Amino acid sequence: MMEPIGHAQLPNPSPRLSMSTSMPSSGTVSKPSVNAIMKSLMDFASEKGLHTISPELAEMKFKNVIKIYAKGAPVGILKTAGAANSRPPLGPSSLAAILARYAGKAPVLVVGDTGGGKTHSCRQFAEAGGYDIVRIVSGHRGVESFDLLGHHLIIGNQTEWVYGEVTELFRFVGCDDPADLPAAAAAGRRGFLMFDEFYRIPTREREFLLSMLSPHEINGVLCYQISTGRPIEIDDTGKHYRKEILYAPVASMTIVATSNLGVDYDVDEGCPASRERWVVHYLEASDEDFERLVAQKLEVRGFGEDLVICFMRLKSVLDKAKEDRHLRESISIRTALRILDATPDEASIGRTAYQVGQTWLATDANGKPLIEQAQVLRTALDVANLKVD
C-alpha cells in the first residue's frame, strides 16, 4: 500500500551506514536531521512526479543521503541508478536471493560492470548451496562445442568418449533415457552450471544452447535436454545408431550466466531468442557490497578488521579521481579481493595495491603508465593509510 510522503516510515540508520559515516576525516561529519531527510524525500518525489512514496523507496533514499568522497570532503546527495527507476540498486548482497528464487526453475543472467562481484557472488552461492556437482564454464572466444558437449579421445588402442563441462553435469543429475526421468527426479541430485562471461563465447557455440534452455515435459517431468552428438548403437549389428541425448530435470538444475554491461566490453549479446531464455538480473555493486566483501576477505586472511575503513577511503578517493579523469579506472570488488589474496602479509597491502593498481593508469605512446597518474595512485594510498614504502 502506498502511503502519503508525509507519513512514510523512515528506517533507522543501519550499523553499516553508521560505520561508513564515522570514518576518520579531517572534519566532523554529522548525520542529517529527520527534517532534512524528509525534505530530501519530498524533493525527490516532486522531481519524479510522485504524490506518494513507498516505504521501500523511502528506505532507499534514506540510505543514500550521505556520500563521503574523500578525507574531509563535503557531504552530498548520492544519485543512484536505482533512484532513476524508483527502486533500490540490486547489488551482490541481493544476488543470492535472486539465485535462490529461480534455482530449479529458470536460468538467470547476471549483468553488471566488470569487477562488480558477479562471478565471486555466484561462486559463493554455489559453495554454500550444497550442490552435488558444480561446473563453471569460462567464456572466451576460444571456446568450442567439444569443450561443452564432449569429444572422442584416443587412449592407446582404444577410443574413449569424454563428456564436456555441460554434458557431464547433465549426465550426473539426469539420464540418457527419457523413461528414466522420473527416477532421476526422485534421486534429488542437484547441479550448478555457470557460464562466466557468457556472451564472450562464440555465437555458434552459444546458439546450440537455445534448445537446452527451453524445457519440455517428458513422462511427467519438466526437463532440459541436450544432444552430445555422440553416436550410440541401437542394436548389435553395428549398423544402426542414434545420437545421444541427455535429459536433466529442471528442478535439479541451477543455471547461471554472467555478462559485462556496456559497449566498452568485448561482448556479443546474441539474438533476441537467446536473450529471452534468461531471467535477467542487473547487478549494481554498491559501497555497502564493497565493504561487506572486503570485510569477509580480511577475516579469511586474518588481517585487522579496521583495514576495511582504509579500503573504503581508498575507493572513495579513486572513484573521485576517475570521475575527474585523473585515473583511467578505479578499484573494484574484484581488484580489492585480488589485492588481499595476493599480498603476502598485512604490512604489504599498500605495495600490492600499488602494483595491482598499475592497470588503473592511462599509458603514453610507449605503453608506460603516465607519471602524473602514478602519483595520484600513490597519494590515494597515502590518504587511505595504506603505505607503499
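Provided above is the structure to which this section pertains.
Keep in mind it's a predicted model, so treat the numbers as computed, not measured. (Residues numbered from 1 in each chain as written. Predicted model: local features only at pLDDT ≥ 70, side-chain atom pairs only at ≥ 80, totals over all residues. Heavy atoms only, no water.)

(A) Examining the overall build of the protein more closely. Looking only at helices and strands, the protein has 17 helices and 12 strands in total. Counting the 389 residues in the protein, one finds 42% classified as buried. Taking contacts inside the protein between residues at least 6 apart in sequence as the whole, the part at least 24 apart equals 70%. Summed over all atoms, the accessible surface of the protein reaches about 20200 Å², with 52% contributed by carbon and sulfur. (Helix = DSSP H or I, 4+ residues; strand = E, 2+ residues; numbered from the N terminus. Buried < 20%, exposed > 50% of the residue type's maximum accessible area, 1.4 Å probe, protein only. Contact = heavy atoms within 4.5 Å. Areas by Shrake-Rupley, 256 points an atom, 1.4 Å probe, with all protein chains shown as cover.)

(B) Geometry of a nonpolar patch on the surface. Judged by side-chain polarity, Leu-153, Ile-155 and Val-162 come together as a nonpolar surface patch covering roughly 220 Å² of accessible area. For Leu-153, the location among the structural elements is in strand β5 (residues 150-155). A relative accessible area of 37% places Leu-153 in the partly exposed class. (Patch = residues over 30% accessible without salt bridge, like charges linked within 9 Å, V, L, I, M, F, W, Y side chains within 5 Å. Salt bridge = Lys/Arg side-chain N within 4 Å of Asp/Glu carboxyl O.)

(C) Quick look at the state of the cysteines. Summed over all chains, the structure comprises 0 disulfides. Free of any disulfide, Cys-223 has its nearest cysteine sulfur in Cys-175, 7.9 Å distant. Residue classification places Cys-223 among the buried positions, given a relative accessible area of 0%. (Disulfide = S-S within 2.5 Å.)

(D) The packing of aromatic side chains, seen in detail. According to the stated counting rule, one finds 7 aromatic pairs in the structure shown. Ring plane angle 55° and centroid distance 5.4 Å describe the contact between Tyr-131 and Phe-192, whose orientation is recorded as tilted. Remark: Phe-192 occurs in strand β7 (residues 191-196) and Tyr-131 occurs in the loop between α6 (118-128) and β4 (133-138); sequence separation between them is 61 residues. For Phe-192, a relative accessible area of 0% translates into the label buried. For the ring pair Phe-198 and Tyr-199, a centre distance of 5.1 Å and an interplane angle of 75° mean the geometry is edge-to-face. Of the two residues, Phe-198 and Tyr-199, both sit in the buried class. Taken together, the aromatic side chains of Phe-195, Phe-198, Tyr-199 and Trp-278 make up a single cluster linked through ring pairs. Over the ring of Tyr-131 we find Arg-190; its NZ or CZ atom is 4.2 Å from the centre of that ring. Taking the ring centre of Tyr-354 as reference, the NZ or CZ of Arg-378 above it sits at 5.0 Å. (Phe/Tyr/Trp six-rings, centres within 6.5 Å; stacked < 30°, edge-to-face > 60°. Lys NZ or Arg CZ within 6 Å of the ring centre and 35° of its normal.)

(E) Structural detail: the pattern of salt bridges. Enumeration over the complete set of coordinates arrives at 11 salt bridges. The salt bridge involving Arg-292 is made with Asp-289; its shortest N-O contact spans 3.4 Å. Of this pair, Arg-292 and Asp-289 both sit in helix α13 (residues 287-301), separated by 3 residues, roughly a single helical turn. With a relative accessible area of 21%, Arg-292 lands in the partly exposed category. Residue classification places Asp-289 among the buried residues on the basis of a relative accessible area of 3%. One salt bridge in this structure joins Lys-320 and Asp-324, with 2.8 Å as the shortest N-O distance. For Lys-320, a relative accessible area of 30% corresponds to the partly exposed category. Given the relative accessible area of 36%, Asp-324 is considered partly exposed. Through salt bridges with shared partners, one network takes in Arg-135, Glu-165 and Glu-168.

(F) Structural context of helix α8 (residues 165-173). Looking only at α8, the buried set comprises Val-166, Thr-167, Leu-169, Phe-170 and Val-173. The arc that holds every buried residue of α8, seen down its axis, measures 160°, which confines them to one face. (Arc of directions from axis to C-beta.)

(G) Here's a closer look at the nonpolar core. With 34 residues, the main nonpolar core has Phe-311 and Ile-331 as its most contacted residues. Of all the secondary structure elements, the ones that give two or more residues to this core are α13, α14 (307-323), α15 (333-342), α16 (349-356) and α17 (371-383). When residues in this core are grouped by element, the largest group, 9 residues, is from α14. Not counting chain neighbours up to four residues away, the residues in contact with Phe-311 comprise Phe-290, Val-294, Ile-331, Ala-336, Ile-339, Leu-340 and Ile-349. By size, the runner-up hydrophobic cluster in this structure holds 30 residues, among which are Trp-161, Phe-170, Leu-209 and Leu-213. (Core = buried A, V, L, I, M, F, W, Y, C linked by side-chain atoms within 4.5 Å.)

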